[in-house]
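Coordinates in review
Single-letter residue listing:
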Amino acid sequence: MKRRVSIGLAVVLVLAVVGVIIWGRGDGTASDVATVRGVIGSEKQAFFADQRVVDVFARHGLKVEVDTAGSRQIATTVDLGKYAFAFPSSSPAAQKIQRDRKVTTVYTPFQSPMAVASFEPVVALLRANGVVHKGAGDYDVLDIAKYLDLAKAGTRWDQLPGNTAYPARKNVLVTTTDPRESNSAAMYLSIVSFVANGNTVVSTPDQEAKVLPSVAKLFLDQGYTQNSTEGPFEDYLSAGMGKTPLALIYESQFVDRVVRGDGSIRPDMRMLYTAPTVYSKHTLVPLTSDGDKVGQLLATDPELGRLAATFGFRTNDPKLFAEVAAPAHVPADLVDAVEPPSFETLERLLDAVGKQY
């Protein structure tokens, strides 16, 4: 009798263990989740860390862990051998990785145009001086050609005619990040070099030499610059117009704060688009099959798309972004957008600017 009871208990125990395993797999628990590691631009770190994003990936059997690095570093110095995907914030960097790793498929699940954060008194002053005007839609743009004229002449704010709003004794300059380290500075260089090159993408050594003096001045005249776009944007939010009248940002940063509704965007704050602008295209390069799954989900999963939009990113579904970003009153499309130079051209320009520091 005792032996029968022992056998019966053993059978029940085995069945229970099997049941737990089967139940656990069916519920998508940790036993069935694959860890996928990637390296990303820092602008996306908050998105990947969001618990809602973590939960969506988990339902698809993935636990996504990320390290951050600059887009230039991801394409040139980061050891990609230990990652399942690379996710820089610019298409030139992604194209280099794709070529070097001989990858045939990439994903661009979201993007963000470059913009300038400012304040209504500064915008009104620049509008009166012909530097700001309306774009193709009901939004303000910073005319880069006219801005370059002011910067080339070394014009100070207090030298602008009719300036009673911001009579500062410093040059009219957009605050950027360090071009030696930051993707946003590289995107800014793409914009200003295009205009300085007669509204043509820089593509030859002669053109590089032609634009270098004027574009380098835009960075060098700023003095100290920070290495992440969060730096000047936080200065803009906290220190105000006195310190940062014009700050280069990603549109996503401004939209994110408006959608968040945390009060950091005050009534006198304005976002200008540069004319022309460049889209920072967040491009995922899969390096393994699991990395490819991450790219597919980011590009096709509607819930991940909606969550990306809440962080201010323009997604593959324009209607979804328009719905989420409605409080920010951003244009549905920006027609005055240009492509950045090739990775190699951009690298040479950035290195040449960097050597002048």
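Anyway, here's the lowdown on the structure attached to this text. Please read all numbers here as calculations on a predicted model, not as lab measurements. (Residues numbered from 1 in each chain as written. Predicted model: local features only at pLDDT ≥ 70, side-chain atom pairs only at ≥ 80, totals over all residues. Heavy atoms only, no water.)

**Considering the overall build of the chain**
The secondary structure content of the chain amounts to 15 helices and eleven strands. Here the chain holds 357 residues, and the buried ones make up 50% of them. In the chain, once contacts between residues fewer than 6 apart in sequence are set aside, the share between residues at least 24 apart is 74%. Of the accessible surface of the chain, which amounts to about 16,400 Å², a share of 54% is contributed by carbon and sulfur atoms. For the chain, the separation between the mean place of its 37 positive charges and that of its 39 negative charges on side chains is 4 Å. (Helix = DSSP H or I, 4+ residues; strand = E, 2+ residues; numbered from the N terminus. Buried < 20%, exposed > 50% of the residue type's maximum accessible area, 1.4 Å probe, protein only. Contact = heavy atoms within 4.5 Å. Areas by Shrake-Rupley, 256 points an atom, 1.4 Å probe, with all protein chains shown as cover. Lys, Arg positive; Asp, Glu negative; His and termini not counted. Charge placed at Lys NZ, Arg CZ, Asp CG, Glu CD.)

**Considerations on the packing of aromatic side chains**
Here the structure, examined in full by the defined rule, presents 13 aromatic pairs. Taking 5.9 Å as the distance between ring centres and 90 degrees as the angle between the ring planes, the aromatic pair formed by Phe-47 and Phe-311 counts as edge-to-face. Placement of the pair is Phe-47 in helix α2 (residues 45-49) and Phe-311 in the loop between α13 (302-310) and β10 (314-315), with a sequence separation of 264 residues. A relative accessible area of 0% means that Phe-47 is categorised as buried. Since its relative accessible area comes to 14%, Phe-311 is described here as buried. Judged by centre distance (6.2 Å) and plane angle (85 degrees), the ring pair of Phe-48 and Phe-87 falls under edge-to-face. Highlighted residues: Phe-48 in helix α2 and Phe-87 in strand β3 (residues 85-87), separated in sequence by 39 residues. Take Phe-48 and Phe-87: they sit in the same class, and that class is buried. Its guanidinium or amino end placed over the ring of Phe-87, Lys-44 lies 4.6 Å from that ring's centre, counting from NZ or CZ. (Phe/Tyr/Trp six-rings, centres within 6.5 Å; stacked < 30°, edge-to-face > 60°. Lys NZ or Arg CZ within 6 Å of the ring centre and 35° of its normal.)

**A short note on the pairing of strand β1 (residues 34-40)**
The sheet contact formed by β1 and strand β2 (residues 62-68) spans seven bridges and is parallel. For Arg-37, the partnering residue across the bridge sits in β2 and is Glu-65. (Pairing = 2+ DSSP bridges.)

**Here we look at helix α5 (residues 91-101)**
Buried within α5 we find Ser-91, Pro-92, Ala-93, Ala-94, Lys-96 and Ile-97. Summarising the contacts, the buried residues of α5 are in contact with α4 (71-76), β3, β9 (277-286) and α15 (343-354). Where α5 begins, one side-chain oxygen reaches toward the backbone nitrogen of Ala-93, 3.5 Å away; that side chain belongs to Ser-90. Within two residues after α5, Lys-102 carries a phi angle of roughly 55 degrees, on the positive side. (Polar contact = N/O pair within 3.5 Å; in protein donor to acceptor, adjacent residues only side chain to side chain.)

**Structural notes on unusual backbone geometry**
Residues Ala-275 and Pro-276 are joined by a peptide bond in cis, for which omega reads 5 degrees. Checked against the element boundaries, Pro-276 lands in the loop between β8 (269-275) and β9. Positive phi, normally seen in glycine, also occurs at Asn-199, with a value near 60 degrees. Inspection of the secondary structure puts Asn-199 in the loop between α8 (183-196) and α9 (205-220). Even without glycine at this site, His-329 takes up a positive phi of about 55 degrees.

**So, the environment of Leu-212**
Assignment of secondary structure puts Leu-212 in helix α9. With residues up to four places along the chain from it excluded, the contact list for Leu-212 reads Leu-349, Ala-352, Val-353 and Gln-356.

**Observations concerning the packing of α9 against α15**
Two numbers describe how α9 lies on α15: the axes approach to 10 Å, and their chain directions differ by 55 degrees. When the interaxial angle is binned, α9 and α15 end up oblique. As for the relative orientation of α9 and α15, their crossing is right-handed in sense. Seen from α9, the contacting residues are Glu-208, Val-211, Leu-212, Ala-216 and Phe-219; seen from α15, they are Thr-345, Arg-348, Leu-349, Ala-352 and Val-353. Among the residues forming the contact of α9 with α15, the class breakdown is seven nonpolar, one polar and two charged. (Axes fitted to C-alpha atoms, helices over the stretch in contact; angles between N-to-C directions. Parallel < 35°, antiparallel > 145°, perpendicular 65-115°, else oblique. Left-handed = near helix turned anticlockwise from the far one by under 90°. Nonpolar A, V, L, I, M, F, W, Y, C, P; charged D, E, K, R; others polar.)

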